[in-house]
Amino acid sequence: MNVLVINCGSSSLKFQLIDTETEQVSAKGLCERIGIDGQLIYQKNSNEKEVIAQEMPTHAEAIQVVINILTDKDLGVISSLDEIDAIGHRVAHGGEKFSKPAFITEEVFNELGACNELAPLHNPVNLIGIKACDEFIPNTPMVAVFDTAFHQSMPERAYLYGLPSRYYDQYKIRRYGFHGTSHKFVSDRASELLSVHNPKIIVCHLGNGSSICAVNNGKSVDTSMGFTPLEGLVMGTRSGDVDPAILSYIAEKENMSISEIMEVLNKKSGVAGISDVSSDFRDLEEAANLGNRKAKIALDIFSYRVAKYIGGYAAAMNGVDSIVFTAGIGENAITIRKEICSYLTYLGVVFDQEANNTRGSEREISKKGSKVKVFVIPTNEELAIANETAAVIQL
Ligand code: ADP
């Protein structure tokens, strides 16, 4: 099945056209600077990337740009839109309503609108993308695949906060968790690699945004991001867990509003804020190697926090069979994986330095006989969305 995967961000739109039978990507691209000047970065098969200036005042024009390029005589990969069998949309938040991908009907579209206030920066643009596809690629089945859905299996003890219960009753304030598509994709793959009945897996999705998920027998039972993606690990620019009382203290000291404080927590904190160097781990490692103390401590804090969460989730599941690293940092940062695993010998992790040092795709980085198997498994959210879309359509 030929699935067009659409991922609308606040000023960008990523797309891929994937054949789910062969897992081949025939075309992919990124429309960026939507609403500013607009540019399309496009790649057909595995040809060189092309950068094409294109005006895109809104996401609706960006969808039009995607259609034009996919059907273009020279650069395109299809001769008509009929060759697109289905469209899979990444949707940031599905609230408590959506615990799995949903076939988009008018009713579902309206229900998605009700989730907007839970993700005000992301969900509304996701809906614009859905609407534009409905208009420009009519009569093609569409599926919404949610970042939150996989975590809807968490028990109350994991998703409720220590707040007055009426906040949950009235406003649905609870842990939702994110990166669900990736956590599911990677933990499903780890389950295949393990020959264990009811496996207990901890997935560390470490990228610009980072989260950890405890997966017991295929179901998310806890995860580190919360009501928003701000909770949990120290990330590129997000603070992760902090004592909430710090916020009112800073607000008073620096005469700041709540929204200014939120801006600091989301965009100016994390390893970027700690180091004053960068949010990118390549820059941090380079600076640390040159003796930058703050870059070194930022990396130390990052690894330490990951290790603490792993310990917490091993306790939550009363054991762990496998720990998996994925996403930009998890797949590439050799030293970070080594640092994190150095805290985990008590769990029975026997780390394989040599396997960790090799670059490449999926691999085990624990030694034969290690009680807990440690894997690097590349995530592929677009392929996961395409597969989930195809599964819903074929039901
Ligand atoms: P996003 O959350 O934007 O999808 P990614 O999963 O692509 O992020 O991760 C991006 C991050 O991965 C970069 O900011 C960088 O910190 C890290 N990264 C990528 N390659 C390397 C590398 N070779 N070594 C260390 N860190 C890396």
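Please read these numbers as outputs of a predicted model, since none were measured by experiment.

Draft legend 1. How the structure looks around the packing of helix α10 (residues 281–289) against helix α11 (residues 293–316). Where α10 meets α11, the axes come as close as 8 Å, and the angle between the chain directions of the two elements is 125°. It follows from the interaxial angle that α10 and α11 lie oblique. As α10 runs across α11, the sense of the crossing is left-handed. Of the residues in α11, those touching α10 at F281, L284, E285, A287 and A288 are A295, K296, L299 and F302. Split by residue class, the contact of α10 with α11 holds 7 nonpolar, no polar and 2 charged.

Draft legend 2. Structural detail: helix α15 (residues 381–393). The end-to-end C-alpha separation of α15 is 18 Å, in line with the 18 Å expected for 13 residues at 1.5 Å each. All buried positions along α15 are accounted for by L383, A384, I385, A386, E388, T389, A390 and V392. Turning to α15, the residues buried within the fold contact β1 (2–8), β2 (13–19), β6 (86–91), β7 (102–103), β8 (142–146) and α6 (180–193).

Draft legend 3. Focus on the packing of aromatic side chains. With the rule as written, the count across this model stands at 8 aromatic pairs. When the centroid spacing of 4.6 Å and the interplanar angle of 15° are considered together, the rings of F98 and F146 count as stacked. Residue F98 is located in the loop between β6 and β7, and its partner F146 is located in strand β8; the two are separated by 48 residues in the primary sequence. The two residues F98 and F146 agree in class, both being buried. With 6.2 Å between their ring centres and 45° between their planes, Y176 and F227 make a pair best called tilted. Here Y176 is found in the loop between α5 (165–171) and α6, whereas its partner F227 is found in the loop between β11 (219–223) and α7 (245–254), with 51 residues between them in sequence. Among the residues examined, F227 registers a relative accessible area of 27% and is labelled partly exposed.

Draft legend 4. View of the pattern of salt bridges. Going through the model one piece at a time under the given rule, you end up with 14 salt bridges. Among the ionic pairs, R174 bridges to E96, the shortest N-O distance being 2.8 Å. Of the two residues, R174 is situated in the loop between α5 and α6 and E96 in the loop between β6 and β7; the sequence distance between them amounts to 78 residues. Residue classification places E96 among the partly exposed residues on the basis of a relative accessible area of 28%. Put simply, D188 and K184 hold a salt bridge, and the shortest N to O gap is 2.7 Å. Residue D188 and its partner K184 are located together in helix α6, separated by 4 residues, close to a single helical turn. Owing to a relative accessible area of 29%, K184 belongs among the partly exposed residues under this scheme. The network of salt bridges with shared partners includes E96, K172 and R174.

Draft legend 5. Local environment of the environment of I84. Position of I84 among the secondary structure elements: in the loop between α1 (59–70) and β6. We classify I84 as buried; its relative accessible area is 4%. Remark: the alpha-carbon pair of I84 and E23, spanning 61 residues in sequence, is separated by 15 Å. Excluding anything up to four places from it in sequence, I84 contacts N2, L4, L17, I78 and T140.

Draft legend 6. Expanded view of the side chain of T389. Among the structural elements, T389 can be located in helix α15. Here T389 falls in the buried class, since its relative accessible area comes to 0%. Not counting residues up to four positions away in its chain, the partners in contact with T389 are V3, A86, I87, G88, V143 and V145.

Draft legend 7. Quick look at the sheet that holds strand β12 (residues 322–326). Pairing in this open sheet of 6 strands is mixed, and the strands run β11-β10-β9-β12-β14-β13 from one edge to the other. Looking at which strands have only one partner, the edges of the open sheet turn out to be β11 and β13 (363–364). With 2 bridges joining them, β13 and strand β14 (residues 373–376) adopt antiparallel strand pairing. Residue pairing across strands places R363 opposite V376, the latter belonging to β14. Across the sheet, α6 touches β9 (200–206), β10 (210–216), β11, β12 and β14, and the angle it forms with β9 is around 135°.

Draft legend 8. Seen up close, a nonpolar patch on the surface. On the surface, V242, I246 and I250 cluster together to form a nonpolar patch covering roughly 210 Å² of accessible area. Within the fold, I250 resides in helix α7.

Rules of the game
- Residues numbered from 1 in each chain as written.
- Predicted model: local features only at pLDDT ≥ 70, side-chain atom pairs only at ≥ 80, totals over all residues.
- Heavy atoms only, no water.
- Axes fitted to C-alpha atoms, helices over the stretch in contact; angles between N-to-C directions.
- Helix = DSSP H or I, 4+ residues; strand = E, 2+ residues; numbered from the N terminus.
- Parallel < 35°, antiparallel > 145°, perpendicular 65-115°, else oblique.
- Left-handed = near helix turned anticlockwise from the far one by under 90°.
- Contact = heavy atoms within 4.5 Å.
- Nonpolar A, V, L, I, M, F, W, Y, C, P; charged D, E, K, R; others polar.
- Expected span 1.5 Å × (residues − 1).
- Buried < 20%, exposed > 50% of the residue type's maximum accessible area, 1.4 Å probe, protein only.
- Phe/Tyr/Trp six-rings, centres within 6.5 Å; stacked < 30°, edge-to-face > 60°.
- Salt bridge = Lys/Arg side-chain N within 4 Å of Asp/Glu carboxyl O.
- Pairing = 2+ DSSP bridges.
- Patch = residues over 30% accessible without salt bridge, like charges linked within 9 Å, V, L, I, M, F, W, Y side chains within 5 Å.
- Areas by Shrake-Rupley, 256 points an atom, 1.4 Å probe, with all protein chains shown as cover.

Structural measurements only, silent on function.
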